[in-house]
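Analysis of the macromolecular model
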Amino acid sequence: MNFRCVQCGHHIKTLYVQYSPGNIRLMKCQNCKAVADEFIECEIMILLIDLILHKAKAYRHLFYNMFDHDAINFEGLMWKLSFGFLLLDVYRISILSTNEEGSGSDPSLIWECGKILLDVLVGNLLFISILLFGTRFLLTMSSEVSGYKNTWVAILASSYLKLFLIAMMVWEFPSLVIIIIDIFVMSSNTLALKVMSESTKAKCFGVCFCAHFVKFLVSLALNIHLPDLITRLISL
């Protein structure tokens, strides 16, 4: 398995040498001469804090050094993360739809569920398409992470900040909090692409911004124009 130095991203054969149980020596990177991965001796909470702080070395540890890619079921992990991603999106859109009500309309439950599912499916389909298209043709990916599965799993893993939406089940927050979470998710996705590619941060941000913006436009169109279109069709 190919590991990476969390400081510079250089390939390294092994991260540490174990002399006895609990007695290890961390290896140094031949390129930058720093300890290749200090997160091996850190608590998981330190890693989580560095991920939230958007430190590139934490993302390198997560993507390259934390798991044995040959031992885990990669496709099973991808589908589980995708399901969780879509489920959180359903909850996010349902919160926004609830906050936008109160204008005198009383939409049926079937109509609301259909609109939310359509928003999630169409929005994320375009989101994935633009993201993978931009990654393939605009970014320079290394040969070992050039596959669309690796890119998609990196985007799913870097969208962990969506988990903060669960807090809204317990405490009431204004809709502005969802926008802040979306901005953090987009910046985290940008850093994930930067870590996995040899492209500049500006290009990675451009790809992520376009994908998220199109997803936002789909949601806006469904909430503004679709109800009017359905009303006109019913009145014909």
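This section reports on the structure supplied with the text. If you're wondering where the values come from, they're calculated on a predicted model, not measured in any experiment.

Basis of the calculations
- Residues numbered from 1 in each chain as written.
- Predicted model: local features only at pLDDT ≥ 70, side-chain atom pairs only at ≥ 80, totals over all residues.
- Heavy atoms only, no water.
- Helix = DSSP H or I, 4+ residues; strand = E, 2+ residues; numbered from the N terminus.
- Buried < 20%, exposed > 50% of the residue type's maximum accessible area, 1.4 Å probe, protein only.
- Areas by Shrake-Rupley, 256 points an atom, 1.4 Å probe, with all protein chains shown as cover.
- Arc of directions from axis to C-beta.
- Contact = heavy atoms within 4.5 Å.
- Core = buried A, V, L, I, M, F, W, Y, C linked by side-chain atoms within 4.5 Å.
- Salt bridge = Lys/Arg side-chain N within 4 Å of Asp/Glu carboxyl O.
- Phe/Tyr/Trp six-rings, centres within 6.5 Å; stacked < 30°, edge-to-face > 60°.
- Lys NZ or Arg CZ within 6 Å of the ring centre and 35° of its normal.
- Disulfide = S-S within 2.5 Å.
- Pairing = 2+ DSSP bridges.
- Patch = residues over 30% accessible without salt bridge, like charges linked within 9 Å, V, L, I, M, F, W, Y side chains within 5 Å.
- Axes fitted to C-alpha atoms, helices over the stretch in contact; angles between N-to-C directions.
- Parallel < 35°, antiparallel > 145°, perpendicular 65-115°, else oblique.
- Left-handed = near helix turned anticlockwise from the far one by under 90°.
- Nonpolar A, V, L, I, M, F, W, Y, C, P; charged D, E, K, R; others polar.

A few words on the overall build of the protein chain. Within the protein chain one finds 7 helices and 4 strands. Tracing the protein chain from N to C terminus, the helices and strands come up as β-β-β-β-α-α-α-α-α-α-α. The buried share among the 236 residues of the protein chain stands at 36%. By element, 67% of the accessible surface of the protein chain is carried by carbon and sulfur atoms, the whole surface being about 14200 Å².

Right, let's get into helix α1 (residues 44-52). Among all positions of α1, only L47, D50 and L51 are buried. Around the axis of α1, the buried residues are gathered within 105° of arc, so they sit on the same side. Each element contacted by the buried residues of α1 is listed here: α2 (56-65). Just downstream of α1, H54 is the residue with a positive phi angle, here 60°.

The next subject is the nonpolar core. The biggest cluster of nonpolar side chains holds 37 residues, and the ones touching the most others in it are L51, Y59, F63, F127, L131, W152 and L193. Every element with two or more residues in this core is listed here: α1, α2, α3 (74-100), α4 (109-137), α5 (148-157), α6 (176-196) and α7 (201-235).

Glancing now at the pattern of salt bridges. This model, assessed by the stated rule, comprises 6 salt bridges. Notably, a salt bridge pairs D50 with K55, separated by 3.5 Å at the nearest N-O pair. The salt bridge involving R92 is made with D182; its shortest N-O contact spans 3.0 Å. Here D182 lies in helix α6 and R92 lies in helix α3, a separation of 90 residues in the sequence. Several salt bridges share partner residues, and in doing so they unite D89, K162 and K215 into one network.

The next thing to look at is the packing of aromatic side chains. Going through the model one piece at a time under the given rule, you end up with 8 aromatic pairs. Here F209 and F213 contribute two aromatic rings whose centre-to-centre distance is 5.7 Å and whose plane-to-plane angle is 10°, an arrangement assigned as stacked. Of the two residues, F209 and F213 both sit in helix α7, 4 residues apart, roughly one turn of that helix. Taking the relative accessible area as the measure of exposure, F213 reaches 39% and is therefore partly exposed. An aromatic cluster is built from F205, F209, F213 and F216, whose rings are joined through pairwise contacts. The positively charged end of R4 is found above the aromatic ring belonging to Y64, 4.4 Å away from the centroid. Above the face of the F85 ring, K162 is positioned so that its terminal group lies 5.0 Å from the ring centre.

This brings us to the state of the cysteines. Under the definition given, this model contains 0 disulfides. Between C32, a cysteine without a disulfide, and C5, which holds the nearest cysteine sulfur, the sulfur-to-sulfur distance is 3.7 Å.

Sheet topology places strand β3 (residues 16-20) next to strand β4 (residues 23-26); 4 bridges connect them, and they run antiparallel. For Q18, the partnering residue across the bridge sits in β4 and is I24. Between β3 and β4, which pair antiparallel one after the other, the connecting turn spans 2 residues, and G22 there sits at a positive phi close to 85°.

On to a nonpolar patch on the surface, then. On the surface, a cluster of nonpolar side chains totalling about 770 Å² of accessible area is made up of I44, M45, L48, I49, L53, M66, F67, I72 and L77. Note on placement: L77 falls in helix α3.

To continue, consider the packing of α4 against α5. Taken N-terminus to C-terminus, the directions of α4 and α5 make an angle of 120°; their axes are 11 Å apart at the nearest point. Here α4 is positioned oblique relative to α5, judged by the angle of their axes. When you trace α4 past α5, the crossing you get is right-handed. Here α4 contributes F127, I128, L131, L132 and T135 to the contact with α5, which in turn contributes Y148, T151, W152 and I155. When its residues are assigned to classes, the contact of α4 with α5 shows 7 nonpolar, 2 polar and no charged.

In short, geometric facts, not functional conclusions.
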